[in-house]
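Each chain, written out:
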Amino acid sequence: MTHFWKVNGKWRIGRIVLLAILLVLISFFLYTYHQKILRQLYLEDRLEQQYGLKKDEYQIQSHFSKYGYGYDVTFHDDRRASYAFNVREKNGEYTAFYVGYALKEPRYDDNDFRAPEHMEFEQFTDEP
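The structure contained in this document is the topic of the report that follows. (Residues numbered from 1 in each chain as written. Predicted model: local features only at pLDDT ≥ 70, side-chain atom pairs only at ≥ 80, totals over all residues. Heavy atoms only, no water.)

### Considering the sheet that holds strand β4 (residues 68-75)
Logical step 1: Taken in spatial order, the four strands of this open sheet run β3-β4-β5-β6, and their pairing is antiparallel. Each edge of the open sheet carries a strand with a single partner, namely β3 (58-65) and β6 (93-103). Pairwise comparison of adjacent strand axes, ignoring direction, gives a mean angle of 25° for this sheet.
Logical step 2: With eight bridges connecting them, β3 and β4 associate as antiparallel partners. Within β4, the residue paired with tyrosine 58 across the bridge is phenylalanine 75.
Logical step 3: Along the sheet face, helix α1 (residues 13-51) touches β3, β4, β5 (78-90) and β6 and points at about 45° away from the line of β4. (Pairing = 2+ DSSP bridges. Helix = DSSP H or I, 4+ residues; strand = E, 2+ residues; numbered from the N terminus. Axes fitted to C-alpha atoms, helices over the stretch in contact; angles between N-to-C directions. Contact = heavy atoms within 4.5 Å.)

Now the structure itself:
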C-alpha cells in the first residue's frame, strides 16, 4: 500500500521539501499583501487628515521600490499628473513621505497643454 509520506517504509523527502517551500512562498505573499494594504490605509488616512481628501477624489496604485512600499496617487480631476508617496515602518510606526510628481505622457488626441498647478512650477525657468 502506498502512503503519501512513505513508500515501502522510506520517507518521501521531495514532497516534504516541496510542501515546505510552497508554504513559505504563500506565507511571504500573504505577509507582503497585508503590509501593502495596511500602509495604503495609513496613507489614505494621512491624506484625509492633512488635506481633507476623500477616497473617491483619487486613485492609488501601489508598487514595490527600493525604499519600501510606493504609492502613486492620481486625482480624478487631473489625470495627467501622479504624485508619488512612500510609506515606511520604523519601530512599529508608519511614516509617509512625499517623493514627487510625474507627468504622464499625453495622448496624441489630447490638446490640453496646461501645466498642473503645483508649487514646483513657479520656480521653473526656461533657459538654455
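### A short note on the nonpolar core
Nonpolar side chains tend toward joint burial in soluble globular proteins.
Logical step 1: The biggest cluster of nonpolar side chains holds 13 residues, and the ones touching the most others in it are Leu43, Leu47, Tyr58 and Val73.
Logical step 2: Put simply, the parts of the chain that give this core at least two residues each are α1, β3, β4 and β5.
Logical step 3: Apart from residues no more than four positions distant in its own chain, tyrosine 58 is found in contact with Glu44, Leu47, Leu53, Val73, Thr74, Phe75 and His76. (Core = buried A, V, L, I, M, F, W, Y, C linked by side-chain atoms within 4.5 Å. Buried < 20%, exposed > 50% of the residue type's maximum accessible area, 1.4 Å probe, protein only.)

### As for the packing of aromatic side chains
Logical step 1: According to the stated counting rule, one finds six aromatic pairs in the structure shown.
Logical step 2: Ring centres of tyrosine 42 and tyrosine 94 lie 5.7 Å apart, and the angle between their planes is 45°; on these two criteria the pair is classed as tilted. In this pair, tyrosine 42 sits in helix α1 while tyrosine 94 sits in strand β6, placing the two residues 52 residues apart along the sequence.
Logical step 3: Ring pairs connect the aromatic residues Tyr58, Phe75 and Tyr83, which therefore count as one cluster.
Logical step 4: The lysine or arginine in question, arginine 88, covers the ring of phenylalanine 97, its NZ or CZ lying 4.5 Å from the ring centre. (Phe/Tyr/Trp six-rings, centres within 6.5 Å; stacked < 30°, edge-to-face > 60°. Lys NZ or Arg CZ within 6 Å of the ring centre and 35° of its normal.)

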